[in-house]
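# A closer look at the structure
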Amino acid sequence: MTIPPNDAFTLTSHSDSAPLRSSRSRSLTRSPSPKIAFMPSQHVTNNDVKRRSSRRQRKSSGFVSESAKLADVDEALERALNGNGHANGIIHHVKTIAPTTQVKKIDWEIPRKVFHSSIGLLTIYLYTSHGSPQRTIIALSSSLLIMVPADILRLNYPPFERTYEAVLGFLMRESEKNHSNGSIWFTLGVLFVLALYPLDVAVMSILILSWADTAASTFGRLWGSRTPPLPPRIPILGLPLAPRKSLAGFLAASITGAAIVFSFCGWLAPAVGGVNPVWDWTHGVSGPGVDTSSLGQSVKATLHDAGFAGLPTSGWVGLTVISIVSGVVTGITEALDLGNLDDNLTLPILSGGFIWGFLKLISWFSS
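The structure contained in this document is the topic of the report that follows.

### A closer look at helix α5 (residues 110-128)
With 19 residues, α5 ought to run about 27 Å at 1.5 Å a step, and its terminal C-alpha atoms sit 27 Å apart, in line with that. Listing the buried residues of α5 in full gives R112, K113, H116, I119, G120, T123 and Y127. Along the long axis of α5, the arc covered by the buried residues comes to 110 degrees, so they all point the same way. Seen from the buried face of α5, the exposed residues on the opposite side, beyond 90 degrees, are I110, V114, L121 and Y125.

This is the structure:
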């Protein structure tokens, strides 16, 4: 075979072709020379193998995350650009503009909620065992003599703060670590209703503080993002509502409050045989629930003289109406925005006050 004189491998003139042919023919018995690639070679690295295998796994599982999508974009750009040095800049730009979804971790405050709810169980135990409200008031007042000085030291003395939070920090919110402890306001709220409200109303108020507040917080964190927020103010009344409150939390508090009042008045209080109940199955609103003031008696006498026979507040109908109104009151008072006032203080005072006031109001029209 004769090699053309313009071949790229021709190193001598045409007159030297014979020796060249013999040399070339001898080379045919050897392994062929490697071909020279004038394009950048595509090396298959371990990372390529891992990316391909991981992509196959993702496709088979049906789940593709944001980071996996970016990895596929990287690989596609590398193949398209053939390693010409521009891929890194483009990939960096894609990573910069690619949307990232960050799921905010929910702090369920489980130890705090367990402690919060246990107060309700303790309250029921004291009520069913006919515990003395006066002794409870003395015990809670004595506890404040320890809690308040300890909180002052915590806020002003860092070594004590570290020890305090190491022991009781799991019961505190992050917002409380630079402010007064919510347990102080909780105790003050309980003291207020025990000292000033009828026992039945006080117990219902404490149960609302213990369970309705916990329900609102739990379901608000769970489903609050899926329900619309509450309006800035209550229609007609114009009372401000906290912007962080949701419809899910409001409904949870309302349902829990209605269930508490219904169960207490309809089952727990009659079973225990409490003294001076605010409601019973036979008479409806009774005892301290009746408005005995001159205004209440005057309104009731006027309605009686006008021939108004009165409305029944006893039985299932009366209890249902009282429970529904109490539930709505619970949801509203839990969602109120009262500035820097702690809801552990305001919730039992306002909910108990409204429930007691509603009982007195319907006593004007009771038969």
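There is more to say after this.
### A few points about empty space enclosed by the protein
Here the structure, examined in full by the defined rule, presents 1 cavity of 30 Å³ or more. In this structure, the largest cavity occupies an estimated 90 Å³ of space. The wall of the largest cavity is formed by E109, R112, K113, H116, R173, D213, T214, S217, D343 and N344. Residue assignment for the lining of the largest cavity shows that the elements contributing at least two residues are α5, α9 (199-223) and α13 (343-363).

### Considerations on a nonpolar patch on the surface
A surface patch of nonpolar side chains, about 290 Å² in accessible area, is lined by L122, Y125 and L126. Structurally, L126 is set in helix α5.

### Looking at the environment of V261
Along the chain, the position of V261 falls in helix α10 (residues 247-272). What makes V261 buried here is its relative accessible area of 1%. Residues V261 and V325 lie 64 residues apart in sequence; the distance between their C-alpha atoms is 9.8 Å. If sequence neighbours within four positions are ignored, V261 has contacts with M204, G266, L319, I322, S323, S326 and I355.

### Digging into the layout of surface pockets
Reported here for the largest pocket is a volume of approximately 1,100 Å³. Taken together, 37 residues form the lining of the largest pocket, with R173, A242, R244, K245 and D343 sitting closest to its centre. Those elements that provide at least two residues to the lining of the largest pocket are α9, α10, α12 (315-335) and α13. Of the residues forming the lining of the largest pocket, the biggest block, 5 residues, is contributed by α9. Along the lines of polarity and charge, the residues of the lining of the largest pocket split into 11 nonpolar, 15 polar and 11 charged. Reported here for the second largest pocket is a volume of approximately 800 Å³. Sorting the residues of the lining of the second largest pocket by element identifies α5, α6 (133-156), α7 (158-168), α8 (182-196) and α9 as the ones contributing at least two each.

The rules behind these values
- Counting of residues starts from 1 at the beginning of each chain's written sequence and follows it residue by residue.
- Only residues with pLDDT of at least 70 get local features here, since the model is predicted, and only at 80 or more are side-chain atom pairs given and counted; chain-wide, interface and lining totals rely on the full set of residues.
- Note that water and hydrogens are dropped before the side-chain values are worked out from all heavy atoms of the structure.
- Numbering of helices and strands runs from the N terminus; a helix is a DSSP stretch of H or I covering at least four residues, while a strand is a stretch of E covering at least two.
- To estimate how far a helix should reach, multiply one less than its number of residues by 1.5 Å.
- Only protein chains enter the accessibility calculation, which uses a 1.4 Å probe; a residue is then buried when its area is under 20% of its type maximum, exposed when over 50%, and partly exposed in between.
- Arc definition: directions from the helix axis to the C-beta atoms.
- Points on a 1 Å grid, built from protein atoms alone, make a cavity when a 1.4 Å probe fits but cannot get out and make a pocket when they are open with protein on both sides within 12 Å along at least 5 of 7 lines; residues with an atom within 4 Å of a point are the lining residues.
- Grid points are joined across faces, edges and corners, and a volume is the space filled by probe spheres set on the points.
- To count toward a patch, a residue needs a relative accessible area above 30% and no salt bridge. Like charges then connect within 9 Å, nonpolar side chains (Val, Leu, Ile, Met, Phe, Trp, Tyr) within 5 Å.
- Accessibility throughout is a Shrake-Rupley quantity obtained with a 1.4 Å probe, and a residue counts as covered only by protein chains that appear here.
- Each reported salt bridge corresponds to a side-chain nitrogen of Lys or Arg within 4 Å of a carboxyl oxygen of Asp or Glu.
- Should any heavy atoms of two residues lie within 4.5 Å, those residues are considered in contact.
- Any residue outside Ala, Val, Leu, Ile, Met, Phe, Trp, Tyr, Cys, Pro, Asp, Glu, Lys and Arg is labelled polar, Gly included; the first ten of those are nonpolar and the last four are charged.

Purely spatial values, then, with no claim about function.
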